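Spelled out from the first residue to the last, the chains are:
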Amino acid sequence: MNIMAIESSCDETAVAVVRDGREILSDCIASQVELHKLYGGVVPEIASRKHIEAIYGLADEALEKAHITREEIDAIAVTYAPGLIGAVLVGVNFAKAAAFSLGVPLIPVHHMRGHIAANYLAYPDLEPPFICLVVSGGHSLIVDVQGYTQFKILGTTRDDAAGECFDKVARVLGMPYPGGAALDKLARGGDENKYPLPHTKLSGNPLDMSFSGLKTAALNLIHTAEQRGDSLDIPSLCASFSRAVCEMLVPRTITALEASGYGKLAIAGGVAANSRIRGAFEAACKRLGAQLYRPPLSLCGDNGAMIGAQGYYEFLAGKRAGQDLNAYATRSIEAG
Ligand code: KG4
Ligand code: ZN
């Protein structure tokens, strides 16, 4: 079954063709990052306009690269939540028109479910159940993936998302948006023990996370040094910050993994590209004898193929949308 998948929830327009949920026939992305860099973050209205400009050409390119014709598309999958509402709407409207004109089913896909499904593309043998840490620019979730379309949130951030914090600290250090990857690169040359940063203590659910205190502490440290005219060891600050984020994410995810008894852990989302986080999970899973699934960096960030992978399993579960499909800025991964 060939699914054409559309993703436009933030600042990447993406169209892919995926066969049977596991095989990428094409995966085309038009990134708007260079444009939003000028403003230090995504400008929603500009994002929507750029999606409209890019999406038609990208769909043709996706077909061409997949070496298939329009008639060979069996269904259209689309991210319909969560995301920047104007941006998501562009993809949803394009997908509706494509499904209608081709006479094929329309499958609505939750963006964070898509991130998790990137693992099915990277690991053809991976099947639920497993535990997944999904960390992106807008979300940080520890999820029990009970089935392809059954999800239970075990822990979530109480405030900022991990990616948001990486980007904010990177921005204050003068790195262009989105700074997460640049901060990661700089951190590799630093001493992660040089700048002690606080560990926020939370009451209630022990798997919940918090990043805003950590972000504020890092920003205060930078501003205080600036005011005093002290020079900062930037690579070491990046390394200390990355370590602190890791210490918020990794032990909680490992607690969830051990409690589940699944012995299988996946990571997903843009922040799953972080080298410190990838290394920490590798060490922890080795120690526990658990299997770790990490998508290649190209499948961690937003892409269309992950929507095609999840779309296949949503299709098998009977999920369909009509021409009245709406887009949603927020929606729980559990509701789907
Ligand atoms: O999943 P994603 O591409 O988009 C959203 O759905 O939000 O995630 C983007 C986020 C950004 O905050 C970006 O800075 C972060 O992922 N990111 C990283 C790294 N690569 C991307 N954060 C830390 N280390 C990285 N290597
Ligand atoms: Zn994403």
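This text gives an overview of the structure that appears in the document. (Residues numbered from 1 in each chain as written. Chains lettered and ligands numbered in written order. Predicted model: local features only at pLDDT ≥ 70, side-chain atom pairs only at ≥ 80, totals over all residues. Heavy atoms only, no water.)

## A few points about the pattern of salt bridges
Note that side chains of opposite charge can pair when their charged atoms are close.
At step 1: Under the criterion given, the structure shown has 13 salt bridges.
At step 2: Where Lys-65 meets Glu-61, a salt bridge forms, and the shortest distance between an N and an O atom there is 2.8 Å. Taken together, the residues Lys-65 and Glu-61, both in helix 2 (residues 44–66) and four residues apart, mark about one turn of the helix.
At step 3: Here Arg-113 ties to Glu-314 by a salt bridge, and the two come within 2.8 Å at their closest N and O atoms. Remark: Glu-314 occurs in helix 11 (residues 305–316) and Arg-113 occurs in helix 4 (residues 111–122); sequence separation between them is 201 residues.
At step 4: Since its relative accessible area comes to 3%, Arg-113 is described here as buried. (Salt bridge = Lys/Arg side-chain N within 4 Å of Asp/Glu carboxyl O. Helix = DSSP H or I, 4+ residues; strand = E, 2+ residues; numbered from the N terminus. Buried < 20%, exposed > 50% of the residue type's maximum accessible area, 1.4 Å probe, protein only.)

## Describing the environment of Ala-327
At step 1: Relative to the helices and strands, Ala-327 is located in the segment after helix 11.
At step 2: C-alpha of Ala-327 to C-alpha of Phe-130: the two residues are 197 residues apart in sequence and 28 Å apart in space.
At step 3: In contact with Ala-327, other than residues within four places in its own chain, are Tyr-80, Ile-85, Val-88, Leu-89 and Val-92. (Contact = heavy atoms within 4.5 Å.)

## Here we look at the coordination of the zinc ion (ligand 2)
At step 1: Each protein donor to the zinc ion (ligand 2) is listed here as His-111 (NE2), His-115 (NE2) and Asp-302 (OD); together their distances run 2.0 to 2.1 Å.
At step 2: One way to put it: the four donor atoms around the zinc ion (ligand 2) meet at angles of 94 to 136°, and that makes the site irregular.
At step 3: Summarised as a motif, the one-chain spacing of the donors to the zinc ion (ligand 2) is H-x3-H-x186-D. With His-115 in helix 4 and Asp-302 in the loop between helix 10 (297–300) and helix 11, this pair connects stretches of sequence that are 187 residues apart. An identical accessibility class is assigned to His-115 and Asp-302; each is buried. (Donors = N, O, S within 2.8 Å, 3.2 Å for Na, K, Ca; no water. Tetrahedral: all angles 85-135°; square planar, octahedral: opposite > 155°, others 65-115°.)

## Looking at empty space enclosed by the protein
At step 1: Counting across every chain of the model gives one cavity of 30 Å³ or more.
At step 2: Taken as a whole, the largest cavity spans an internal volume of roughly 30 Å³.
At step 3: Along the walls of the largest cavity sit Pro-198, His-199, Thr-200, Ser-210, Leu-214, Ala-244 and Met-248, which together make up its complete lining.
At step 4: In the lining of the largest cavity, the residues fall into four nonpolar, three polar and no charged. (1 Å grid on protein atoms, 1.4 Å probe; cavity = no way out; pocket = protein on both sides within 12 Å on 5 of 7 lines; lining within 4 Å. Points joined across faces, edges and corners; volume = space filled by probe spheres on them. Nonpolar A, V, L, I, M, F, W, Y, C, P; charged D, E, K, R; others polar.)

## Re the sheet that holds strand 9 (residues 264–268)
At step 1: As summarised here, the arrangement of the five strands in space is 8-7-6-9-10, forming an open sheet in which the pairing is mixed. Looking at the sheet topology across the chains shown, the edges are occupied by strand 8 (150–156) and strand 10 (291–293). Pairwise comparison of adjacent strand axes, ignoring direction, gives a mean angle of 25° for this sheet.
At step 2: Helix-sheet contacts for helix 8 (residues 234–260) involve strand 6 (130–135), strand 7 (140–147), strand 8 and strand 9, and the interaxial angle to strand 6 is about 160°. (Pairing = 2+ DSSP bridges. Axes fitted to C-alpha atoms, helices over the stretch in contact; angles between N-to-C directions.)

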